[in-house]
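# Secondary and tertiary structure notes
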Amino acid sequence: MVPVADGGAAAAVELEMTSEQVGRWKTVVGTVAGMVPPGAVRVLVHGADGEGLPAVFADRLAAHLRADGHPCRRLADASATDAGASEADGDATLDEGAADLAVLADGPRWRAAPPGGEWDVVVWLRTRSAGRDDRDDERGPDVVVDVDDPAWPVIRHVASRLAGDGSWHVSESQAFFAVRAATWDTKFGDDLPAYAAAVREIGLRAGAVVLDAGCGTGRALPALRDAVGPAGTVIGLDVTSQMLVTTRQRGRATHAALVLADARRLPIAAGAVDAVFAAGLVHHLPDMSAGLAELARVSRPGGTLAIFHPSGRTALAARHGRALRPDEPLAASRLEPLLAATGWRLDSYDDPAHRFLALATRQERWHGAQAQVTGR
Ligand SMILES: C[S@@+](CC[C@H](N)C(=O)[O-])C[C@H]1O[C@@H](n2cnc3c(N)ncnc32)[C@H](O)[C@@H]1O
């Protein structure tokens, strides 16, 4: 165990962490630091207030920015009411040296009183147990970091203006799902009949080529193999190696060829698959539009896309302790145009409590040119 010491406002938080957990914190803080625009910028870290984590996170972010040569002022929560008169690491006012200064604050008082009227970058540390007010804030922040396990922070959302090429998604998805792989089936194993029923509805023919994109522990693979028969091809693809290891341990590798890859850049030739099964994947992609377009690229014209989840959207949102929002990307009103712009035609949409299943057909004449809209 590596004791982690923090100075200043963070001293109250004592995190005893393994070297792997220390590395995770460094990755997350470094990744967020890389997203902070250069020059004068105001950054607020908030959420999970009861844990004192915003102060720890803001301290580390400030240290990282300074080490990168970005001048930085760290505002303590207590200084908010004085409008910056007693910052944690200096006595200059907020106006001085503002040309390239990053100003970092945490805590509820700064949140309500942004210097200069607004925050340029808002980082929200999310916990599942946060009060409803905090949960509702999920819409606003530029960066959402899951700190349900404070020793294992994971970035779950980045506003498109800060996301760059989206490379953050791979390490963060792996970090999120790797620690869940071993217990995934224990938690969700009862859902297997729902997968089999969804696969039957796709109407796969014997001998077909089907891709399970984001296959996880391979829960759909036996049903997909049954559907295409021994002459067919089943590819189980996931970006998290621990998920594929669990797939093998469950004996499901006998049903499919397993591939470790990013579904946003598939190592599959254009038009090579007859159907794509995507369970719990597309809404995890930072740019859903680009992800759907990539699935369309590898599908033959007339091929099928099944977007599935073994619970309906309302039920899933409730399980995560939040209400369903009308503008979520899997809402029919958003999904249909998104699919149409990315090479698909929505054929059916079913969203009762026990499952979500949207079936789409790959457009005959689509060459990728329309894939410009964003899914966020
Ligand atoms: C919610 S889980 C669903 C797993 C499985 N489909 C199921 O229904 O049990 C999402 C899966 O997508 C994978 N994933 C996330 N982003 C991915 C990406 N860009 N490329 C491939 N897999 C990804 C994760 O590693 C995880 O296994």
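Residues numbered from 1 in each chain as written. Predicted model: local features only at pLDDT ≥ 70, side-chain atom pairs only at ≥ 80, totals over all residues. Heavy atoms only, no water.

Burial of strand 5 (residues 102-106) is extensive: five of the five residues sit out of reach of the surface. Of the two faces of strand 5, the one holding Ala102, Leu104 and Asp106 and the one holding Val103 and Ala105 are both buried throughout. The pairing of strand 3 (residues 41-46) with strand 5 spans five bridges and is parallel. From the neighbouring strand, arginine 42 faces strand 5, where its bridge partner is valine 103. Sheet analysis places strand 4 (residues 72-75) next to strand 5, joined by four bridges and oriented parallel. Of the residues in strand 5, the one forming a bridge with cysteine 72 is alanine 102. (Buried < 20%, exposed > 50% of the residue type's maximum accessible area, 1.4 Å probe, protein only. Helix = DSSP H or I, 4+ residues; strand = E, 2+ residues; numbered from the N terminus. Pairing = 2+ DSSP bridges.)

What follows is about the pairing of strand 11 (residues 257-260). Examined bridge by bridge, strand 10 (residues 233-238) and strand 11 share four bridges and lie parallel to one another. Its bridge partner lying in strand 11, glycine 236 is registered against leucine 258.

We now examine the environment of alanine 198. Positionally, alanine 198 belongs in helix 7 (residues 192-202). In the structure, alanine 198 is positioned 111 residues away from histidine 309 in sequence and 9.3 Å away in space, judged by C-alpha atoms. When residues no more than four places from it in sequence are discounted, the contact partners of alanine 198 are Phe277, Phe308 and Leu357. (Contact = heavy atoms within 4.5 Å.)

Lining the immediate environment of the ligand, one finds 21 residues, of which Tyr195, Gly214, Asp238, Thr240 and Ala263 sit closest. Measuring from an oxygen atom of the ligand, one finds a side-chain N or O atom of arginine 219 at 2.9 Å. Here an oxygen atom of the ligand sits 2.6 Å away from a polar atom, N or O, in the side chain of threonine 240. Look at the ligand: alone it shows 590 Å² of surface, and the protein chains cover 97% of it. Broken down by element, the residue count for the shell around the ligand peaks at three residues, all from helix 5 (residues 168-178). (Near = heavy atom within 4 Å. Polar contact = N/O pair within 3.5 Å; in protein donor to acceptor, adjacent residues only side chain to side chain. Areas by Shrake-Rupley, 256 points an atom, 1.4 Å probe, with all protein chains shown as cover.)

Mean pLDDT for the protein: 87, with 84% of residues reaching 70 or above. Confidence drops under a pLDDT of 50 for residues 1-12, and excluding neighbours within four residues, the segment shows 25 contacts in the predicted structure. When the criterion is pLDDT under 50, residues 80-93 qualifies, and its contacts beyond four places in sequence or with other chains add up to 26 contacts. (pLDDT = per-residue confidence, 0-100.)

What follows deals with the sheet that holds strand 13 (residues 299-309). Strand order in the open sheet formed by seven strands is 11-10-9-12-13-15-14, and the pairing between neighbours is mixed. Two strands lie at the open edges of the sheet, namely strand 11 and strand 14 (344-350), each paired on one side alone. Taken over all neighbouring pairs, the strand axes of this sheet differ in orientation by 20° on average, direction set aside. As defined by bridge partners, strand 9 (residues 209-213) adjoins strand 10 across five bridges and the pair is classed as parallel. Residue pairing across strands places leucine 211 opposite isoleucine 235, the latter belonging to strand 10. Lying on the sheet, helix 7 is in contact with strand 12 (273-279), strand 13 and strand 15 (356-362); it crosses strand 12 at an angle near 150°. Relative to strand 13, helix 10 (residues 288-298) is tilted by about 135°, and along the sheet it contacts strand 9, strand 12, strand 13, strand 14 and strand 15. (Axes fitted to C-alpha atoms, helices over the stretch in contact; angles between N-to-C directions.)

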